[in-house]
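Here's the letter readout for the chains.
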Number of protein chains: 2
Amino acid sequence: MPELRKDPIIGRWVIISTARGKRPTDFGETLHKSNGGFCPFCYGNEKVTPPEILAFRKNDSAPNGEGWSLRVVANKFPALQIEGELEKRGDGIYDTMNGVGAHEVIIETPRHEKTLSTLPVEKVEDMLWAYRERIVDLKRDPRFKYILVFKNEGVSAGASLEHSHSQLIALPIVPKRVAEEIKGSLVHYQYKERCVYCDIVHQELETRTRVVSENEHYLAIEPFTPRFPFETWVLPKYHASSYERMERDEIAPLAWILQDTLKRIDKILNVPPYNYILHTSPIGEEVNDHYHWHIEIMPKLTKVAGFEWGSGFYINPTPPEEAAEFLREARV
Amino acid sequence: MPELRKDPIIGRWVIISTARGKRPTDFGETLHKSNGGFCPFCYGNEKVTPPEILAFRKNDSAPNGEGWSLRVVANKFPALQIEGELEKRGDGIYDTMNGVGAHEVIIETPRHEKTLSTLPVEKVEDMLWAYRERIVDLKRDPRFKYILVFKNEGVSAGASLEHSHSQLIALPIVPKRVAEEIKGSLVHYQYKERCVYCDIVHQELETRTRVVSENEHYLAIEPFTPRFPFETWVLPKYHASSYERMERDEIAPLAWILQDTLKRIDKILNVPPYNYILHTSPIGEEVNDHYHWHIEIMPKLTKVAGFEWGSGFYINPTPPEEAAEFLREARV
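Source: prediction; values computed, not measured.

Some details on the overall build of chain A
Of the regular secondary structure elements, chain A holds six helices and 15 strands. In summary, chain A has a C-alpha radius of gyration of 20 Å against a globular reference of 20 Å for 332 residues, a match within 12%. Dimensions along the principal axes, computed over C-alpha positions, put chain A at roughly 55 × 50 × 40 Å. Counting the 332 residues in chain A, one finds 52% classified as buried. A separation of at least 24 residues holds for 68% of the contacts in chain A among residues at least 6 apart in sequence.

Topic: helix α4 (residues 251–269) of chain A
Residue and element names in this part refer to chain A. The terminal C-alpha atoms of α4, which comprises 19 residues, lie 26 Å apart, in line with the 27 Å expected from a rise of 1.5 Å per residue. Taken residue by residue, α4 has L254, A255, I257, L258, Q259, D260, T261, L262, R264, I265, I268 and L269 as its buried positions. Just downstream of α4, N270 is the residue with a positive phi angle, here 60°.

A look at the relation of the copies chain B and chain A
Mapping chain B onto chain A leaves a residual RMSD of 0.0 Å; the transformation is a rotation of 180° accompanied by 0.0 Å of translation along its axis. When the rotation and shift are considered jointly, the pair of chain copies conforms to a two-fold rotation axis.

Considerations on the pairing of strand β9 (residues 165–171) of chain A
Residues and elements named next belong to chain A. The buried count for β9 comes to six of seven residues, which makes it a mostly enclosed element. Across six bridges, the pairing between strand β7 (residues 102–107) and β9 is antiparallel. Within the sheet, the bridge partner assigned to I107 lies in β9 and is H165. Pairing of strand β8 (residues 146–153) with β9, which is carried by five bridges, proceeds in the antiparallel orientation. Among the inter-strand pairings, I147 is bridged to a residue of β9, identified as A170.

Quick look at the sheet that holds strand β2 (residues 13–16) of chain B
In spatial order, the strands read β15(A)-β2(B)-β1(B)-β6(B)-β5(B); together these five strands make up an open sheet with mixed pairing. Edge strands, defined here as strands with exactly one partner in the open sheet, are β15 (314–316) of chain A together with β5 (89–91) of chain B. Here the average twist between neighbouring strands, direction ignored, is 30°. Of the strand pairs in this sheet, β15 of chain A and β2 of chain B are connected by three bridges, and their pairing is parallel.

A short note on the domain arrangement of chain A
Residues and elements named next belong to chain A. With domains assigned, chain A is organised as domain 1 (3–174) and domain 2 (177–329). Using C-alpha coordinates to define each centre, domain 1 is positioned 22 Å away from domain 2. In this assembly, 26 residues from domain 1 lie in contact with 24 residues from domain 2. Residue assignment for the side of domain 1 that touches domain 2 shows that the elements contributing at least two residues are α1 (121–138) and β8. Looking at which element gives the most residues to the side of domain 1 that touches domain 2, the answer is α1, with nine residues. Broken down by class, the residue content of the side of domain 1 that touches domain 2 amounts to 15 nonpolar, five polar and six charged.

Observations regarding the sheet that holds β7 of chain A
All names here are of chain A. One open sheet accounts for ten strands, arranged β3-β4-β7-β9-β8-β13-β14-β12-β11-β10; its pairing is antiparallel. The outermost strands of the open sheet, each flanked by one partner alone, are β3 (52–57) and β10 (211–214). Ignoring which end each strand starts from, the neighbouring axes of this sheet average 15° apart. Helix-sheet contacts for α4 involve β10, β11 (218–221), β12 (232–236), β13 (274–279) and β14 (294–299), and the interaxial angle to β10 is about 140°.

Details of the confidence of the model for chain A
All names here are of chain A. Chain-level pLDDT for chain A is 92 on average; 95% of the residues reach the 70-or-more range. Throughout residues 29–34 the model reports pLDDT below 50, and contacts reaching past four residues in sequence, or to other chains, amount to ten contacts. The ipTM assigned to the predicted complex is 0.91, against a pTM of 0.94.

Here we look at the environment of N288 of chain B
All names here are of chain B. With respect to the secondary-structure elements, N288 resides in the loop between β13 (274–279) and β14 (294–299). Overall, the presence of 17 C-beta atoms within 10 Å leaves N288 in the partly exposed class. The spacing of N288 and I277 is eleven residues in sequence and 21 Å in space, taken between C-alpha atoms. Those residues in contact with N288 that sit more than four places away from it in its chain are S241 and S281.

Quick look at the interface of chain B and chain A
Accessible area lost during the coming together of the parts is what is often quoted as the interface size. The interface is formed by 73 residues belonging to chain B together with 73 residues belonging to chain A. The element best represented in the side of chain B that touches chain A is helix α2 (residues 176–192) of chain B, accounting for seven residues. Within the side of chain B that touches chain A, the residues separate by chemical class into 36 nonpolar, 20 polar and 17 charged.

Observations regarding α1 of chain A
In an α-helix, one turn spans 3.6 residues, which is why side chains three or four residues apart end up on the same side. With 18 residues, α1 of chain A should cover 26 Å at 1.5 Å per step; its first-to-last C-alpha distance of 26 Å lies within 8% of that length. The set of residues buried in α1 of chain A consists of K123, V124, E125, D126, M127, L128, A130, Y131, R134, I135 and L138 of chain A.

A short note on unusual backbone geometry
One non-glycine residue, N270 of chain A, adopts positive backbone phi at about 60°. Structurally, N270 of chain A can be placed in the loop between α4 and β13. With a phi close to 55°, V271 of chain B is a non-glycine residue in the positive phi region. Take V271 of chain B: it is sitting in the loop between α4 (251–269) and β13.

A look at the pairing of β10 of chain A
All names here are of chain A. One ladder, built from three bridges, connects β10 with β11; its direction is antiparallel. Among the inter-strand pairings, E214 is bridged to a residue of β11, identified as L219. Counted along the chain from β10 to the antiparallel partner β11, the turn is three residues long.

Thresholds applied
Residues numbered from 1 in each chain as written. Chains lettered and ligands numbered in written order. Predicted model: local features only at pLDDT ≥ 70, side-chain atom pairs only at ≥ 80, totals over all residues. Helix = DSSP H or I, 4+ residues; strand = E, 2+ residues; numbered from the N terminus. Rg over C-alpha atoms; globule rule 2.2 N^0.38 Å. Buried ≥ 20, exposed ≤ 12 C-beta atoms within 10 Å, placed from the backbone. Contact = placed C-beta atoms within 7 Å. Expected span 1.5 Å × (residues − 1). Least-squares fit on C-alpha atoms with pLDDT ≥ 70 in both. Pairing = 2+ DSSP bridges. Axes fitted to C-alpha atoms, helices over the stretch in contact; angles between N-to-C directions. Domains from an automatic or database assignment. Nonpolar A, V, L, I, M, F, W, Y, C, P; charged D, E, K, R; others polar. pLDDT = per-residue confidence, 0-100.

The structure is reproduced here in C-alpha cells:
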C-alpha cells in the first residue's frame with residue numbers, strides 16, 4: 001500500500017509509492033516504454049489496458065473492444081490504491097496515512113500519431129468533457145478531497161508513453177500549491193471583496209500586453225509572474241470557481257482556446273514537450289467567490305530542476321510580454 | 001535591469017531577467033557551453049572571467065593570475081544587477097521592484113576533471129569556508145534579505161559549465177520555500193518550544209532507518225518526506241540557526257560529511273547529476289530558536305518536471321528507508 005506522508009516543517013504531503021519501490025539501477029530508463037513499437041493505448045490493443053471506466057464509442061460497439069474515440073482506464077502503475085481506508089496515524093513527530101486514491105488515464109485518441117494540436121477540435125472537446133464526467137463521478141467518494149487532472153506531453157515532460165493521454169489523480173488531501181492559491185485568493189477576497197483572478201482578467205484585457213488569445217468565454221495569457229519561459233494560463237473570463245460546474249456549451253469555446261494556445265506554442269517553440277495542470281476548487285468548496293479555476297500550461301524548455309524545487313525561487317529568462325507577442329502573432 | 005515581480009495570488013517573487021531575453025530559438029542549446037573545449041574556469045584562463053572577489057591562492061601570487069586553488073568571481077551572465085536601488089512600485093494589482101542583487105560563482109578547483117567527490121577533503125573545506133566568507137561580506141549590504149548558495153552539478157541539473165562550481169545569489173527578498181520553512185518551524189516552536197529540525201535529528205538518531213552517515217557534529221539523512229528518490233539532507237546535530245555563524249573547527253566535519261554523502265550518492269547512483277541548496281536563516285534573523293540551517297541534496301534521477309512545479313504534489317517511487325539503506329551500505 002502506498003503511503004501519504006506529511007512533511008513536519010511545511011505541511012506538504014508526498015506519496016511514497018512503496019509498491020513501485022524503484023531501486024538505484026531503475027533510474028535512467030523509461031520503465032513502461034513502448035516495447036518494440038507496441039503501444040497499449042493504440043486502437044486494437046484494448047485488452048492490454050485495465051478495463052474501461054468511461055469511453056466514447058460507436059453505439060453498437062462493446063466495451064473494451066474497438067469502435068472507440070476516447071477511453072478512460074485505471075493507470076496500470078497507479079501511484080495510489082483505490083481500495084482501503086485512510087487510517088491516519090502518527091509516528092513520533094511524523095504524520096502518515098494510507099495512499100488511498102484513484103489514478104486514471106484518459107486516452108484522448110485511438111491514433112498514435114495525433115496530438116492535442118492536430119486532433120479535430122471536437123475530440124479536444126470530448127477530452128475536456130471526459131475530465132468533467134470523471135471529476136463528477138469521483139467526487140461522490142467521501143474519502144477524496146481533490147481531483148488533480150494533468151497532462152504530460154513528451155518524454156522530457158515526464159510522459160512514459162508517447163500516445164497522447166492525460167491523467168487524473170483523486171486525492172485524500174489538497175495539493176500544497178492549490179491550497180496556497182485558495183488561501184491567497186481568499187485573503188485577497190476578504191480585503192477587496194473581489195476574486196484576484198477576475199482582477200487579473202480585467203487588468204490583462206485592459207493592458208493586452210500579455211494576452212495570447214481569447215474568445216467570448218475564455219482568455220489565454222502569459223501570467224505577470226511566470227516561473228518558466230512561455231508559461232501560459234487559460235482562464236474563464238467570468239467568475240467560475242469549479243471546472244466541473246461548467247455547462248455543456250462552455251466546453252466548445254474551451255476546446256477551441258486550449259487547442260489554439262497549444263498550436264501557437266507548437267508553432268513558436270517547435271512542438272516542445274509540455275505539462276498542463278487543471279486548477280480547480282477542492283471538493284466540498286465548489287461554489288465560492290474567491291477562487292477561479294484555470295489551466296496552467298508549462299512548456300518544458302529549460303534544464304533547470306532541483307534548484308527551483310528546493311528554493312522556491314525562479315529565474316525566468318523570457319519576459320512574459322515578449323512571449324505573449326510571439327504567441328499572439330503566430331499564424332495558426 | 002532585471003525585474004523582481006510578485007505573484008498576486010501566492011506572493012512568490014520571480015526574477016524576470018529582461019537582459020537575457022531568451023527568444024524561442026534560444027532554447028534547446030546550452031548558451032555558454034565550453035567553446036571547442038575551452039573552459040573559462042580552468043587554470044590559466046583567469047583573465048576570461050570577471051575579476052576575483054575572493055580567492056585562495058599562494059602567498060606570492062597576484063590576483064586574477066595563476067597560483068590559486070579557489071576563486072570567487074561575479075557571474076558573467078548575472079540574474080540580478082549589483083548597482084541600483086530597489087524602487088518598489090505597483091502596477092494595478094501587480095507589485096514589482098528592480099532586480100537588484102549579487103550573483104557570484106565559486107570556482108571550487110583549478111582542475112577541470114575534479115568533482116566534490118574526488119577533490120581532497122581540504123578543498124571541500126575551503127569551498128564551505130568561502131561560502132561563509134561571501135555570506136558575511138554580502139550581509140553588510142542593507143538592500144539584501146537573503147543569500148542563496150547552491151550547486152548545480154551536471155548539465156541535466158542545470159549546470160551551464162561542467163567545471164565544478166557553486167553559485168551564490170544575494171536577494172532583496174526571502175525565497176518562498178525558505179519563508180515557508182521559517183514560518184512552519186516558528187509555528188512548531190510556538191507550540192512545543194522545540195526546534196522541529198532538532199526533533200527530526202533526535203527521532204532519526206533513535207530509529208536510524210533513514211540515517212545515511214554521521215559524525216560528531218553532523219547528520220546525513222533521507223528525510224521522512226522526500227520529494228525525490230535519494231533526496232538527502234545534511235544537518236548540524238545541535239541547534240544552529242545560521243550557517244555563517246559556524247566556527248572554523250566545525251567546517252572540517254561538515255566537509256567530511258558532505259563529501260562522504262556525495263561519494264555514497266556517486267557510488268550507488270553512478271555519478272548522477274544533482275543539485276544542492278544551503279538553507280539558512282534570513283539576514284537580520286540569524287540567531288533564533290526555531291530555524292536550523294541544513295543542506296538539501298537532490299540527485300536528478302527522474303524526468304518529471306512541470307507537473308510537480310505546477311501542483312506542489314510529489315510522487316516518490318523510492319521509499320527513503322530503502323534509499324538510506326543503499327547509501328549507508330555503500331563502500332566509500
